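The chain contents come next:
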Amino acid sequence: MSDEEFDDAVRDGLDQVPAELARLMDNVVVLVEDEPPADAEDPDLLGLYEGTPLTERDGWWAAGSLPDRITVFRGPTLRMCEDRDEVVEEVAITVVHEIAHHFGIDDERLHALGWG
C-alpha cells in the first residue's frame, strides 16, 4: 500500500469515529508517521496520544497551547493488516483508543472496556 493509499485509509478510518465523539474533541490533530519513536516500549505500537487530556486541562491550558497529537504509525499497521479494509478498521480502532486518552481514559480502563 502506497503512502497516499494509507493516508486515504486513515481518512476513511477517521470517518468511522462516531460524530458525537469527534464533536467533543478539543484542539487535536491526527498525524501519520512511518514508525513509532525509537524509545517506544512497543515497536509494534499502532498509535500514540501526546497532549493534555481534557480531564487535566485548566485555565492555563488555553493560553497558547499547541494541539494535542494523535499519531497513527503506518509500518506496524501495515504489518498487522492483510488488506485495505483491515487497515481502515484498525485505524478506526486505534484512533478511538487514542481519542479515549484525550478524554482522560487510561489503558487499564480501555482494556476493561474491550478497546485494549
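The structure displayed is predicted, hence computed values, not measured ones.

Turning our eyes to something else, we now look at the overall build of the protein chain. From N to C terminus, the protein chain includes 5 helices and 3 strands. Order of helices (α) and strands (β) in the protein chain, N terminus to C terminus: α-α-β-β-β-α-α-α. Computed over its C-alpha atoms, the radius of gyration of the protein chain comes to 14 Å, within 12% of the 13 Å expected for a compact globule of 116 residues. Oriented by its inertia axes, the alpha-carbon framework of the protein chain measures out at about 45 × 30 × 30 Å. Taking all 116 residues of the protein chain together, 34% fall into the buried category. Pairs at least 24 apart in sequence give 74% of the contacts found in the protein chain among residues at least 6 apart. As displayed, the protein chain has an accessible area near 7,000 Å², and 49% of this comes from carbon and sulfur atoms. Each charge class in the protein chain can be summarised by its mean position, and for the 8 positive and 30 negative side chains these summaries are 5 Å apart.

What follows covers the pattern of salt bridges. Here the structure, examined in full by the defined rule, presents 8 salt bridges. The salt bridge partner of aspartate 7 is arginine 74, with a shortest N-O separation of 3.3 Å. Pair noted here: aspartate 7 is in helix α1 (residues 3–15) and arginine 74 is in helix α3 (residues 74–80), with a separation of 67 residues, a long-range link. Residue aspartate 34 is joined to arginine 74 by a salt bridge in which the shortest nitrogen-to-oxygen separation is 2.3 Å. Linking aspartate 34 in the loop between β1 (28–33) and β2 (47–50) with arginine 74 in helix α3, this pair joins segments that are 40 residues apart in sequence. Overall, arginine 74 belongs to the buried group, its relative accessible area being 10%. Because the salt bridges share partners, they merge into one network encompassing Asp3, Asp7, Asp34 and Arg74.

What follows deals with the nonpolar core. Ranked by internal contacts, the top residues of the largest apolar core, which has 15 residues, are Phe6, Val72, Val87, Val91, Val95 and Ile99. For this core, the elements supplying multiple residues, two or more each, are α1, β3 (68–73) and α4 (84–102). Per-element tally for this core: the top contributor is α4, with 6 residues.

What follows deals with α1. With 13 residues, α1 should reach 18 Å at 1.5 Å per residue; the first-to-last C-alpha distance of 18 Å fits that figure. Along α1, the positions that sit buried rather than exposed are Phe6, Ala9, Val10 and Gly13. Looking straight down α1, one finds its buried side chains confined to an arc of 105 degrees; they lie on one side. Opposite the buried face of α1, at more than 90 degrees from it, the exposed residues are Glu4 and Asp15. The inward-facing, buried residues of α1 abut β1, β3, α3 and α4.

Attention shifts here to the pairing of β3. A large share of β3 lies buried, amounting to 5 of its 6 residues. Pairing of β2 with β3, which is carried by 4 bridges, proceeds in the antiparallel orientation. By the bridge assignment for β3, leucine 48 is matched with threonine 71.

Rules of the game
- Residues numbered from 1 in each chain as written.
- Predicted model: local features only at pLDDT ≥ 70, side-chain atom pairs only at ≥ 80, totals over all residues.
- Heavy atoms only, no water.
- Helix = DSSP H or I, 4+ residues; strand = E, 2+ residues; numbered from the N terminus.
- Rg over C-alpha atoms; globule rule 2.2 N^0.38 Å.
- Buried < 20%, exposed > 50% of the residue type's maximum accessible area, 1.4 Å probe, protein only.
- Contact = heavy atoms within 4.5 Å.
- Areas by Shrake-Rupley, 256 points an atom, 1.4 Å probe, with all protein chains shown as cover.
- Lys, Arg positive; Asp, Glu negative; His and termini not counted.
- Charge placed at Lys NZ, Arg CZ, Asp CG, Glu CD.
- Salt bridge = Lys/Arg side-chain N within 4 Å of Asp/Glu carboxyl O.
- Core = buried A, V, L, I, M, F, W, Y, C linked by side-chain atoms within 4.5 Å.
- Expected span 1.5 Å × (residues − 1).
- Arc of directions from axis to C-beta.
- Pairing = 2+ DSSP bridges.

Distances and angles like these do not, on their own, reveal function.
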